[in-house]
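Residue-level listing of the chains:
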Amino acid sequence: MFGFINLGSGSKGNATIVYSDDGVLLIDMGLTKAKLKEGLALINKQIDDLDGVLVTHDHNDHIKGLGFVSHKPLYGREGVLSYREYTETPIADFAPVEIGGFNVTVLPTSHDAPSPGCYLIEYKGKKLAYVTDTGRLKKPVLAMLRDCDCYIFESNYDIYMLEHSGRPKVLIRRIEGTKGHLGNIESSEYLLKLIGPHTKKVFLAHISEECNDKKIVLEQHRGALEGTGVEADVLWQWKTTRYEL
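Fair warning: this is a prediction, and the values are worked out from it, not measured in the lab. (Residues numbered from 1 in each chain as written. Predicted model: local features only at pLDDT ≥ 70, side-chain atom pairs only at ≥ 80, totals over all residues. Heavy atoms only, no water.)

Peer 1: Quick question: what am I supposed to make of the overall build of the protein here?
Peer 2: Check the secondary structure of the protein and you find seven helices and 14 strands. Expected size for 245 residues packed as a compact globule is a radius of gyration near 18 Å; at 17 Å, the protein falls within 12% of this value. In terms of overall dimensions, the protein has C-alpha extents of about 45 × 40 × 35 Å along its principal axes. Sequence separation of 24 or more characterises 62% of the internal contacts of the protein that already satisfy a separation of 6 or more. By element, 50% of the accessible surface of the protein is carried by carbon and sulfur atoms, the whole surface being about 10,400 Å². When the 29 positive and 33 negative side-chain charges of the protein are each reduced to one mean point, those points stand 1 Å apart. (Helix = DSSP H or I, 4+ residues; strand = E, 2+ residues; numbered from the N terminus. Rg over C-alpha atoms; globule rule 2.2 N^0.38 Å. Contact = heavy atoms within 4.5 Å. Areas by Shrake-Rupley, 256 points an atom, 1.4 Å probe, with all protein chains shown as cover. Lys, Arg positive; Asp, Glu negative; His and termini not counted. Charge placed at Lys NZ, Arg CZ, Asp CG, Glu CD.)

Here you go:
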């Protein structure tokens, strides 16, 4: 058994449970304690059963509920929580570590936060990639993320909707910049470089409610992935999704 439970994905809050026969991890905690307990109940687990929390970066929609799990080890790139009251157990880039029976690798991303990262999680030969909140991915990171069984991958904005959103120009430039977010086009282009023979499923994540549309997201990605045999779906903001690899 190896899978994940999405608790929330987007600007209102992010958290994902990763579970197996041997352990349970949490990626980020930007939601309520009740929401976390609800997700853990699906696999008959409680907060005390968590083996650790993987932190991607310190923006509030990813860590505002961290106090509920701060008694557990908090992992991330060195300095990821440098401006917060919490302290991470640092993981070196590109160097797998064993946490709760998983092999966990943190990889550098490009976002306007201290030491942001994404995660490659391996268990008994299967691989799950969790990649959100980044404006670009460098070649060494792409090389590590190739041919995963499943991707949770950012597809934050539609460029037309973003440019015509009425948002301040400085905010638009920040979102579409190299330290912002991946849009639908960039996301689909990266995924085409990443998917391989083992890839079965792609979940599009961190979708903007104001500057994107789930129908557009799926049309973009399904069109790009046509003929690959890979299925694309969306992680809805507040809909709990359970998926096993």
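Peer 1: What am I meant to see in the state of the cysteines here?
Peer 2: By definition, a disulfide links two cysteine residues through a covalent bond between their sulfur atoms. Within the structure shown, the criterion is met by zero disulfides. Free cysteine: Cys-150, not disulfide-bonded; nearest cysteine sulfur from Cys-148 at 8.8 Å. Judged by relative accessible area, which is 0%, Cys-150 ranks as buried. (Disulfide = S-S within 2.5 Å. Buried < 20%, exposed > 50% of the residue type's maximum accessible area, 1.4 Å probe, protein only.)

Peer 1: How do you make sense of the nonpolar core when you look at a structure like this?
Peer 2: Across soluble globular proteins, nonpolar side chains show a tendency to be buried alongside one another. Counting 26 residues, the largest nonpolar core has Val-131, Leu-137, Leu-145, Tyr-151, Phe-153, Val-202 and Leu-204 as its most contacted members. Contact partners of Val-202, with chain neighbours within four places excluded, come to Tyr-151, Leu-191, Ile-195, Val-230, Glu-231, Ala-232 and Asp-233. Ranked by size, the runner-up nonpolar core spans 23 residues in total, among them Ile-5, Leu-36, Leu-81 and Tyr-86. (Core = buried A, V, L, I, M, F, W, Y, C linked by side-chain atoms within 4.5 Å.)

Peer 1: Can you walk me through the pattern of salt bridges in this structure?
Peer 2: For side chains bearing opposite charge, pairing can occur when the charged atoms are close. Under the defined criterion, the tally for this structure stands at 10 salt bridges. Ionic pairing is found between Glu-163 and Arg-173, a salt bridge with its closest N-O pair at 2.9 Å. Taken together, the residues span a long stretch of sequence, with Glu-163 in helix α4 (residues 159–163) and Arg-173 in helix α5 (residues 169–176) at a distance of 10 residues. Take Glu-163: its relative accessible area is 27%, and that puts it in the partly exposed class. Since its relative accessible area comes to 39%, Arg-173 is described here as partly exposed. (Salt bridge = Lys/Arg side-chain N within 4 Å of Asp/Glu carboxyl O.)

Peer 1: Mind showing me how you'd approach the environment of Lys-72 here?
Peer 2: By secondary structure assignment, the location of Lys-72 is in the loop between α2 (60–63) and β5 (74–76). Using a relative accessible area of 16% as the deciding quantity, one classes Lys-72 as buried. Spatially, the C-alpha atom of Lys-72 lies 16 Å from that of Thr-16, the residues being 56 residues apart in sequence. Apart from the residues lying within four places of it in its own chain, the contact partners of Lys-72 are Ile-47, Asp-48, Asp-49 and Leu-50.

Peer 1: What exactly am I supposed to notice about helix α6 (residues 184–194) here?
Peer 2: Turning to α6, its buried residues are Asn-184, Ser-187, Ser-188, Tyr-190, Leu-191 and Leu-194. Viewed end-on, α6 has its buried residues packed into an arc of 165 degrees, placing them on one side of the element. For α6, the secondary structure elements touched by its buried residues are α3 (139–144), β11 (150–154), β12 (201–205) and α7 (214–225). (Arc of directions from axis to C-beta.)

Peer 1: Teacher, can you tell me more about the environment of Glu-210 here?
Peer 2: For Glu-210, the location among the structural elements is in the loop between β12 and α7. Since its relative accessible area comes to 58%, Glu-210 is described here as exposed. Side-chain polar atoms of Glu-210 contact the side chain of Arg-167, separated by 2.8 Å. (Polar contact = N/O pair within 3.5 Å; in protein donor to acceptor, adjacent residues only side chain to side chain.)

Peer 1: Teacher, can you tell me more about the packing of α6 against α7 here?
Peer 2: For any two helices packed against each other, the geometry is given by the interaxial angle and the distance between the axes. Where α6 contacts α7, the two axes come as close as 10 Å, and the packing angle between them is 30 degrees. On the basis of their axis angle, the class for α6 and α7 is roughly parallel. Read as a crossing pair, α6 and α7 show a hand that is right-handed. When α6 is examined against α7, the residues Asn-184, Ile-185, Ser-187, Ser-188, Leu-191 and Leu-192 are found in contact with a partner set consisting of Ile-216, Val-217, Gln-220, His-221, Ala-224 and Leu-225. Of the residues in the contact of α6 with α7, the class split is seven nonpolar, five polar and no charged. (Axes fitted to C-alpha atoms, helices over the stretch in contact; angles between N-to-C directions. Parallel < 35°, antiparallel > 145°, perpendicular 65-115°, else oblique. Left-handed = near helix turned anticlockwise from the far one by under 90°. Nonpolar A, V, L, I, M, F, W, Y, C, P; charged D, E, K, R; others polar.)

Peer 1: Please clarify how the packing of aromatic side chains should be interpreted in this entry.
Peer 2: How two aromatic rings sit relative to each other is set out by the distance from centre to centre and by the angle between their planes. In total, this model carries seven aromatic pairs according to the counting rule given. Here the aromatic rings of Phe-4 and Phe-203 are separated by 5.2 Å at their centres, their planes lie at 85 degrees, and the arrangement is edge-to-face. Here the residue Phe-4 occupies a position in strand β1 (residues 2–8), and Phe-203 occupies one in strand β12, the gap between them amounting to 199 residues. By the burial criterion, Phe-4 is buried, and Phe-203 matches it. (Phe/Tyr/Trp six-rings, centres within 6.5 Å; stacked < 30°, edge-to-face > 60°.)

Just distances and angles here, no functional claims.
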